[in-house]
Structures are given as structure tokens and as C-alpha cells.
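Here is how the chains run, residue by residue.
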Amino acid sequence: MDFHLDRQRPSREQLQHIQGWGADLDRKNRPAVPMEHTPPRFIDPQPGQPVQQAQTVEVFCSPERPGITPIFGTAQPPKGLSGMIRRAAYRQTENDLRHWLMLLLADRVNVVEGIVDDLAHGHVPNVLGEMGIKAEMRHNPAGLVKKAAIVTALAGATWYLMSSRRSRR
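Computed from a prediction, not measured in an experiment: that's the story for all the values here.

It is worth spelling out the pattern of salt bridges at this point. Side-chain pairs of opposite charge can arise where the charged atoms are in close proximity. Tallying each qualifying case throughout the model produces four salt bridges. With a shortest N-O distance of 2.8 Å, Arg86 and Asp107 are connected by a salt bridge. Note that Arg86 is positioned in helix H2 (residues 80-89) and Asp107 in helix H3 (residues 97-120), a separation of 21 residues in sequence. Residue class for Arg86 comes out buried when judged on its relative accessible area of 17%. Given the relative accessible area of 34%, Asp107 is considered partly exposed. Arg98 is the salt-bridge partner of Asp96, the closest N and O atoms lying 2.7 Å from each other. What makes Asp96 buried here is its relative accessible area of 17%.

Quick look at the confidence of the model for the protein now. Summary statistics for the protein give a mean pLDDT of 83 and a share of 80% for residues scoring 70 or more. Highest mean pLDDT in the protein belongs to H2 (95); lowest belongs to helix H1 (residues 12-15) (76).

A separate point is a nonpolar patch on the surface. There is a patch of nonpolar side chains on the surface, built from Leu97, Leu101 and Leu104 and spanning about 300 Å² of accessible area. Here Leu104 lies in helix H3. Overall, Leu104 belongs to the partly exposed group, its relative accessible area being 42%.

Quick look at the environment of Leu144 now. With respect to the element layout, Leu144 can be found in helix H6 (residues 141-168). By relative accessible area, which is 18% here, Leu144 ends up buried. Residues Leu144 and Ile133, spaced eleven residues apart in sequence, show a C-alpha to C-alpha distance of 8.2 Å. With sequence-adjacent residues up to four places away left out, Leu144 is seen in contact with Ile133, Glu136 and Met137.

The next subject is the packing of H2 against H3. Running from N to C, H2 and H3 point in directions that differ by 170°, and their axes come no closer than 8 Å. As summarised for this structure, H2 and H3 are arranged roughly antiparallel, according to the angle between their axes. In contact with Gly80, Leu81, Ser82, Ile85, Arg86, Ala88 and Ala89 of H2, H3 contributes His99, Met102, Leu103, Leu105, Ala106, Asp107, Val109, Asn110 and Glu113.

Relative to the assigned elements, Ser164 resides in helix H6. Looking at Ser164, the relative accessible area reads 18%, which means it is buried.

Criteria and cut-off values
- Residues numbered from 1 in each chain as written.
- Predicted model: local features only at pLDDT ≥ 70, side-chain atom pairs only at ≥ 80, totals over all residues.
- Heavy atoms only, no water.
- Salt bridge = Lys/Arg side-chain N within 4 Å of Asp/Glu carboxyl O.
- Helix = DSSP H or I, 4+ residues; strand = E, 2+ residues; numbered from the N terminus.
- Buried < 20%, exposed > 50% of the residue type's maximum accessible area, 1.4 Å probe, protein only.
- pLDDT = per-residue confidence, 0-100.
- Patch = residues over 30% accessible without salt bridge, like charges linked within 9 Å, V, L, I, M, F, W, Y side chains within 5 Å.
- Areas by Shrake-Rupley, 256 points an atom, 1.4 Å probe, with all protein chains shown as cover.
- Contact = heavy atoms within 4.5 Å.
- Axes fitted to C-alpha atoms, helices over the stretch in contact; angles between N-to-C directions.
- Parallel < 35°, antiparallel > 145°, perpendicular 65-115°, else oblique.

Below is the structure:
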């Protein structure tokens, strides 16, 4: 086999037909140049650490990185059963699958707690609307029918199993 190792690079003129080719060669040909900020943003960060935010609610931190970060969120402090699950999750290290599964479970429990809290305050939540039923009907009607069939089958199977248990007693 005969391989040619000294292949010639194509010239600029030969590559001009490729849209966007050579955009890094000349700033006048770069499409983003008018949108770029001069000087670029965030080139002068403030020296030192940010001021530590006051801790008014319980904040979880990883066992691998003790201490809380200087800035953290306080909009949803942990409470109820979901807060207990999160506390247990943060006793595990982040490389442990249980940590992440417990956090997922805590999120799902928090949703149920929110619905119960809404009902307790006399507000009936629009669960289907919040799940995006209108968008699903518009953009994925086949998927919506499939999901509705699965939910109906599961509800029917649950009802059948529970009614058959009652009849045996």
C-alpha cells in the first residue's frame, strides 16, 4: 500500500464555500463580535471569599465538605416527613446511591405534603394543570393516551384486588 504522508492543506480560497469556516481568523468575519462585551464580563472577581450569609433555617451540608457554603438557598426549609428523609440522606456520603435515592424520595414526599397542605387550607390544587396536561394534549397526544391507559389499568387492577380481598373475608 502506498500512503501519501505529505498531504497539502486546502487553501483559504478552497474552503470559503463552508459557511462559518475561518470565523476565528479575522474578528471582522466573526458573527458574535458585535454581541461580545469588551472587556469580557466577570474578569475582575472580588478578592477573597463572599460574606457569609446569615443562617436562619436549617441548611444541609455534605459530610465530604463540612461547613456550609457562603451563599445558600432558604426558600424551602426542610420540614415534615420530607425534611426527616433529607436529614437521613445527608448522613450518607454523596457517592452512596442511597443518598440520591433518598433525596428523590424526599422530593416526591414533599409534593404530597404540599397537596395535603393546600387541601388543609381550603385550596384544591389543579394537579393535572400543574403537570402540563394541556401541553401534553397539544404536543404528545399519543403519549397522553398511553399514560391514561396505564393509569386506568393500574387503578382497575388495584380496585379488583381490593374488592376480591373484601369478598373473601
